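Fold and geometry: a report
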Amino acid sequence: DQQVKQNSPSLSVQEGRISILNCDYTNSMFDYFLWYKKYPAEGPTFLISISSIKDKNEDGRFTVFLNKSAKHLSLHIVPSQPGDSAVYFCAASFQGAQKLVFGQGTRLTINP
Amino acid sequence: DTAVSQTPKYLVTQMGNDKSIKCEQNLGHDTMYWYKQDSKKFLKIMFSYNNKELIINETVPNRFSPKSPDKAHLNLHINSLELGDSAVYFCASSQATGSNEKLFFGSGTQLSVL
């Protein structure tokens, strides 16, 4: 019973183009969403988050969009750079949960 | 200066053995966690501790016993290792316990049970 799913295990994008990573969730109680980035042999690091009271949050080249009715969020990276090549995890939580529920990650490869 | 450090990085052992993974954070955080990345790559919470007190025990077999001697350390001891325990185990910490707390992860321990 996976409440957070990232259905694309991998994504390949050309440098300079837009990367779009997708995440779906099933638990309507989730009200806080995060994206983490993971390089090989390292732990995940926080990238960007969004509260359910918003539908968009932007931080430099990274923008997260939330569509509550579709229970879907996406991470846009523009322009994509080689250093963005990593595994991206979507995570969700709700008030009182005291834990994050993670998806299985999407491996993003940026081609020069 | 590593914020969350866990040792060892790799652990290869035989079925039935007992092993420990150590975790330390120097961020001054109150809450620490153990997550397991399974074969399907999902990161799943196992335990969380706040100020040495157990907050979450996510139906983990009692062969797994976390120990928090102080709020900067959360070690994981595993008894009678089984093949299915093979996974990557991540330690993490956060400033407090809350739904919107940012987690800081260690680099992981790859456990292989033969």
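See the structure shown above.
Residues numbered from 1 in each chain as written. Chains lettered and ligands numbered in written order. Predicted model: local features only at pLDDT ≥ 70, side-chain atom pairs only at ≥ 80, totals over all residues. Heavy atoms only, no water.

1. Observations regarding the overall build of chain B
- In terms of regular secondary structure, chain B is built from zero helices and 11 strands.
- Put simply, chain B runs from its N terminus to its C terminus through helices and strands in the order β-β-β-β-β-β-β-β-β-β-β.
- Against the globule reference of 13 Å for 114 residues, chain B gives a C-alpha radius of gyration of 13 Å, in line with a compact fold.
- Taking contacts inside chain B between residues at least 6 apart in sequence as the whole, the part at least 24 apart equals 54%.
- For chain B, the computed accessible surface area is about 5,500 Å², with 48% contributed by carbon and sulfur atoms. (Helix = DSSP H or I, 4+ residues; strand = E, 2+ residues; numbered from the N terminus. Rg over C-alpha atoms; globule rule 2.2 N^0.38 Å. Contact = heavy atoms within 4.5 Å. Areas by Shrake-Rupley, 256 points an atom, 1.4 Å probe, with all protein chains shown as cover.)

2. Some points on the overall build of chain A
- When helices and strands are tallied, chain A shows zero helices and 11 strands.
- At 13 Å, chain A has a C-alpha radius of gyration in line with the 13 Å of a compact globule built from 112 residues.
- By principal-axis analysis of the C-alpha atoms, chain A measures approximately 40 × 30 × 20 Å.
- Carbon and sulfur atoms form 48% of the exposed surface of chain A, whose accessible area is close to 5,400 Å².
- Distance between charge centres in chain A, computed from 11 positive and 9 negative side chains, equals 3 Å. (Lys, Arg positive; Asp, Glu negative; His and termini not counted. Charge placed at Lys NZ, Arg CZ, Asp CG, Glu CD.)

3. Quick word on the sheet that holds strand β3 (residues 19-25) of chain B
Residue and element names in this part refer to chain B.
- Spatial ordering of the open sheet is given by β1-β3-β8-β7, a layout of four strands whose pairing is antiparallel. Strands with a single pairing partner mark the edges of an open sheet, and in this sheet they are β1 (4-7) and β7 (64-70). When strand polarity is set aside, the average angle formed by the axes of neighbouring strands in this sheet is 15°.
- Bridge analysis of β3 against strand β8 (residues 73-78) gives four bridges, and the strand direction is antiparallel. (Pairing = 2+ DSSP bridges. Axes fitted to C-alpha atoms, helices over the stretch in contact; angles between N-to-C directions.)

4. Some remarks on the interface of chain B and chain A
- At the interface, 23 residues of chain B touch 22 residues of chain A.
- Buried area between chain B and chain A, summed over both chains or domains, comes out near 1,900 Å², and the portion from carbon and sulfur atoms is 62%.
- For the pair chain B and chain A, the number of links is one salt bridge.
- Between K99 of chain A and E58 of chain B there is a salt bridge; the shortest N-O distance is 2.4 Å.
- In this assembly, chain B and chain A are joined by five residue pairs in polar contact (both at pLDDT 80 or more).
- Broken down by secondary-structure element, the contributors of at least two residues to the side of chain B that touches chain A are β4 (31-37), β5 (43-50) and β6 (53-57) of chain B. (Buried area = accessible area lost by both parts, 1.4 Å probe. Salt bridge = Lys/Arg side-chain N within 4 Å of Asp/Glu carboxyl O. Polar contact = N/O pair within 3.5 Å; in protein donor to acceptor, adjacent residues only side chain to side chain.)

5. So, the sheet that holds strand β3 (residues 19-25) of chain A
Residue and element names in this part refer to chain A.
- If you trace the five strands from one edge of the open sheet to the other, you get β1-β3-β8-β7-β6, paired in antiparallel fashion. Each edge of the open sheet is held by one strand with a lone partner, namely β1 (4-5) and β6 (56-59).
- The sheet contact formed by β1 and β3 spans two bridges and is antiparallel. Counterpart to K5 in the pairing with β3 is D24.

6. Structural notes on the nonpolar core
- Counting residues in hydrophobic clusters, the biggest one holds 24 residues, and the most contacted among them are V4, F33, W35, L73, L75 and Y88 of chain A.
- Of all the secondary structure elements, the ones that give two or more residues to this core are β3, β4 (32-38), β5 (45-51), β7 (62-67), β8 (72-77), β9 (86-93) and β11 (106-111) of chain A.
- Ranked by residues supplied to this core, first place goes to β9 of chain A with four residues.
- Setting aside its immediate chain neighbours within four residues, F33 of chain A contacts Y25, I48, S49, I50, S52, L66, L73, A91 and A92 of chain A.
- The next biggest cluster of nonpolar side chains, apart from the first, holds 20 residues, and it includes V4, C23, M32 and W34 of chain B. (Core = buried A, V, L, I, M, F, W, Y, C linked by side-chain atoms within 4.5 Å. Buried < 20%, exposed > 50% of the residue type's maximum accessible area, 1.4 Å probe, protein only.)

7. Thoughts on the pattern of salt bridges
All names here are of chain A.
- Evaluated as defined, the whole model comprises eight salt bridges over all chains.
- Its salt-bridge partner being K56, residue E58 comes within 4.0 Å of it at the nearest N-O pair.
- Taking the relative accessible area as the measure of exposure, E58 reaches 52% and is therefore exposed.
- One continuous salt-bridge network, built from bridges that share partners, spans K37, R61 and D84.

8. Description of the pairing of β7 of chain B
All names here are of chain B.
- Pairing between β7 and β8: five bridges, direction antiparallel. Note on β8: the bridge partner recorded for F64 is I78.
- Between β7 and β8, which follow one another and run antiparallel, lie two residues.

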